[in-house]
Amino acid sequence: FRLPPLQELLENARAASPQVKQFNAARESEVDELKNLQSSWLKWFKLNAAYSYGTNDINNSVVNQTSQTVVYNVSGMTQQWWNVGASLSIPLDDVFTLHRKIDKQKKVVESVQGEMDKWYDDVCSKIIDAYTDAMSNMEILDDATRNLVYARAQYEVAEDDFANGRIQPYDFSVRQKLKLDAVKSYQEVRSALTKDLYQLELLSKTPIFNVSITSTEKK
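Definitions and limits used
- Just so you know, the residues in each chain are numbered from 1, in the order the chain's sequence is written.
- Reporting in this predicted model follows two pLDDT cut-offs: at least 70 for local features of residues, and 80 or more for side-chain atom pairs to be given and counted; totals over whole chains, interfaces and linings ignore these cut-offs and use all residues.
- The basis for every side-chain value is the complete set of non-hydrogen atoms in the structure, without hydrogens or water.
- The predictor attaches a confidence to each residue, called pLDDT, with possible values from 0 through 100.
- Numbering of helices and strands runs from the N terminus; a helix is a DSSP stretch of H or I covering at least four residues, while a strand is a stretch of E covering at least two.
- What makes two residues a contact is simply this: any of their non-hydrogen atoms within 4.5 Å.
- By definition here, a helix of n residues has an expected span of 1.5 Å times n minus one.
- Each residue is assigned to one of three classes by its accessible area relative to the maximum for its type, calculated with a 1.4 Å probe on protein chains only: buried under 20%, partly exposed between the two thresholds, exposed over 50%.
- To qualify as a nonpolar core, a set must consist of buried Ala, Val, Leu, Ile, Met, Phe, Trp, Tyr and Cys residues joined through side-chain atoms within 4.5 Å.

## Remarks on the confidence of the model for the protein chain
- Counting all residues, the mean pLDDT for the protein chain is 81, and 76% of those residues have values of 70 or more.
- Element-level pLDDT for the protein chain is lowest in strand E2 (residues 59–63), with a mean of 48, against a maximum mean of 94 in helix H4 (residues 169–204).
- For residues 57–64, every residue scores under 50 in pLDDT, and the model assigns this stretch 22 contacts once sequence neighbours within four places are set aside.
- Overall, residues 211–219 carries pLDDT values under 50, and its contacts beyond four positions in sequence, including any with other chains, amount to one contact.

## Quick notes on H4
- Here H4 is 36 residues long and its end C-alpha atoms lie 52 Å apart, about the 52 Å a rise of 1.5 Å per residue gives.
- Residues of H4 that are buried include every one of Phe172, Ala182, Val189, Leu193, Asp196, Leu197, Leu200, Leu203 and Ser204, and no others.
- One or two steps after H4, the chain reaches lysine 205, where phi turns positive at roughly 55 degrees.

## Regarding the nonpolar core
- Of all hydrophobic cores here, the largest spans 24 residues; its most connected members are Leu3, Trp119, Ile127, Ala134, Leu193, Leu197 and Leu200.
- Of all elements in the fold, only helix H1 (6–16), helix H2 (18–38), helix H3 (92–163), H4 and helix H5 (208–218) reach the threshold of two or more residues within this core.
- Every residue in contact with leucine 193, bar those within four places of it in the chain, is listed here: Ala134, Asn137, Met138 and Leu141.

Here it is, written out as structure tokens:
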């Protein structure tokens, strides 16, 4: 059994974790709000246009949005006219507060990004701790396995010797205790390693056990 590279686990945690998707969605929403604020000055400008075609026998006067009066004198003739204008209206409260609103929204975006970075750093720290513990327990498990095999072999010899009267009960009990201690040590290390691997799988969103089982079956 081999663990995936540490860098792969760290990258998978960032790419596949649902928390990252939530942070990205929140950040995109705040960035859109920032863009809206940065372009909100466009609402100060207004454009208007009008077009007319036909005949009329009376004088028409129109006040357009630029406060200019336009008089149309039509006497039975077909005419057409058009009008285009623009206006500018600047709310003073927006002039003095818009930059503060933009700065505040920028800080909101930075805050969301900072929360995501903080979360990722915390996950990376936990993955690194679990990874190093797993590597250590894998080495210890190798020694515990060899010790267990040796203790069982010695116990089987002692069991045969005791049954044939070649050793005393005390010697047999010593070998029995050594085997029990070896079994206990093996199970404790194996349990700790299993816990580390499950934690790695959960944090990194990487199928560690499935990969190891498939690899073993192929061999």
